[in-house]
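Here is what each chain is made of, one letter per residue.
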Amino acid sequence: KGAEKSTLLMEIEGEKKSHMMTTSAGQESYNVITIDGTTYTKDLRDGKWWEYKPQSTPTSDGFKESFDFKDEEKDKPETEKTKYTKIGKEACGSLTCFKYQVVEPGITGTSYIWFDDRDYQLRRMQTTEDGEVNDMTFSYTKPNITKPSPIKQGNPGEMNNFAPEI
């Protein structure tokens, strides 16, 4: 059986704009844009966008507050800590990257990360588990997220029916 390629595009522009789109086997399967608290969800049947404006706008950034950036590994026993083993350097796109194997306690698959030797940014991550390979690439370009068009009005509950028939 051939591998099916899925792509997830995630873009964040500032603190109030985001875009997430997935494609599977070359076909768009999900597309959502959020601008200043308003969410636009693409109806893949007709290519138009549902617009959803919440009744109230959150007063704080719940996404940012949901993360605690303290070092969670610090207080763990050595046997429970994630381990990084340097494999070497290799090409990743037009850059040269450091390649590391990542071993997490309790995780049975194999994971690798690549980060470039110029800006030290994560460029690729690959996990293999039960014969399934998940290979992600990362780029750091400046997005330009704008209000999509055309917009259609309707009951926000109808947004649950935007997926195409397969």
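Read on for an overview of the structure.

Another aspect to go through is the pairing of strand 2 (residues 17-24). As paired elements, strand 1 (residues 6-13) and strand 2 share eight bridges and run antiparallel to each other. What sits directly across from I12, in strand 2, is S18. Count of turn residues in the strand 1/strand 2 antiparallel hairpin: three residues, of which G14 carries a positive phi of about 65°. Pairing between strand 2 and strand 3 (residues 27-35): eight bridges, direction antiparallel. Each bridged residue has a counterpart across the sheet, and for S18 the counterpart in strand 3 is T34. With antiparallel pairing between neighbouring strands as the criterion, strand 2 and strand 3 make up a hairpin whose turn holds two residues, including A25 at a positive phi of roughly 55°.

What the rule picks out here adds up to four aromatic pairs. The interplanar angle of 20° and the centroid separation of 5.7 Å between the aromatic rings of Y100 and F115 together place this pair among those described as stacked. Pair noted here: Y100 is in strand 7 (residues 95-103) and F115 is in strand 8 (residues 110-116), with a separation of 15 residues, a long-range link. Between Y112 and W114, the aromatic rings sit 6.3 Å apart at their centres with planes inclined by 45°, giving tilted as the arrangement. For Y112, a relative accessible area of 21% puts it in the partly exposed group. Here the aromatic residues F98, Y100, F115 and Y120 are joined through ring pairs into a cluster of three or more. Geometry around Y112 places K99 over its ring, the cationic atom sitting 4.6 Å from the centre. For the cation-ring pair, R124 lies above W114, with the distance from its terminal atom to the ring centre recorded as 4.1 Å.

In this section: the sheet that holds strand 4 (residues 38-42). Pairing within the open sheet is mixed, and its six strands lie in the order 1-2-3-4-5-11. On the outer flanks of this sheet lie strand 1 and strand 11 (151-152), each paired with one strand and no other.

Leaving glycine out, the prevailing phi sign among residues is negative, and the prevailing peptide bond configuration is trans. With an omega of 0°, the peptide bond running from S149 to P150 counts as cis. A positive phi angle is found at A25, which is not glycine, with a value near 55°. In this fold, A25 is placed in the loop between strand 2 and strand 3. Looking at A25, the relative accessible area reads 60%, which means it is exposed. Its identity is not glycine, yet D36 carries a phi of approximately 50°, on the positive side. For D36, the location among the structural elements is in the loop between strand 3 and strand 4.

Our focus in this paragraph is the sheet that holds strand 8. Taken in spatial order, the five strands line up as 6-7-8-9-10 in an open sheet, and their pairing is antiparallel. Sheet topology places strand 6 (83-92) and strand 10 (132-137) at the edges, where each strand pairs with a single neighbour. Averaged over all adjacent pairs, the angle separating strand axes in this sheet is 15°, with direction ignored. With nine bridges connecting them, strand 6 and strand 7 associate as antiparallel partners. Following the sheet pairing, A91 is matched in strand 7 by T96.

What counts, and at which threshold
Numbering of residues starts from 1 in each chain and follows the order in which that chain's sequence is written. Restriction of local features to residues with pLDDT of at least 70 applies here, the model being predicted, together with a cutoff of 80 or more for giving and counting side-chain atom pairs; totals for whole chains, interfaces and linings are based on all residues. Side-chain figures throughout are based on the complete set of non-hydrogen atoms in the structure, without hydrogens or water. At least two DSSP bridges between two strands are required for those strands to pair. Only DSSP runs of H or I reaching four residues or more are called helices, and only runs of E reaching two or more are called strands; each is numbered from the N terminus. Ring geometry is summarised as follows: Phe, Tyr and Trp rings, the Trp one being its six-membered ring, pair when their centres sit within 6.5 Å, and such pairs are stacked at plane angles under 30 degrees, edge-to-face over 60 and tilted between the two. The buried label applies to any residue whose accessible area, calculated with a 1.4 Å probe on protein chains only, is under 20% of its type's maximum; exposed applies above 50%, and partly exposed to all values in between. Note on criteria: charge over ring means Lys NZ or Arg CZ within 6 Å of the ring centre, with the direction from the centre no more than 35 degrees off the ring normal. Note on geometry: axes are lines fitted to C-alpha atoms, helical ones only across the stretch in contact, with angles between N-to-C directions running from 0 to 180 degrees.

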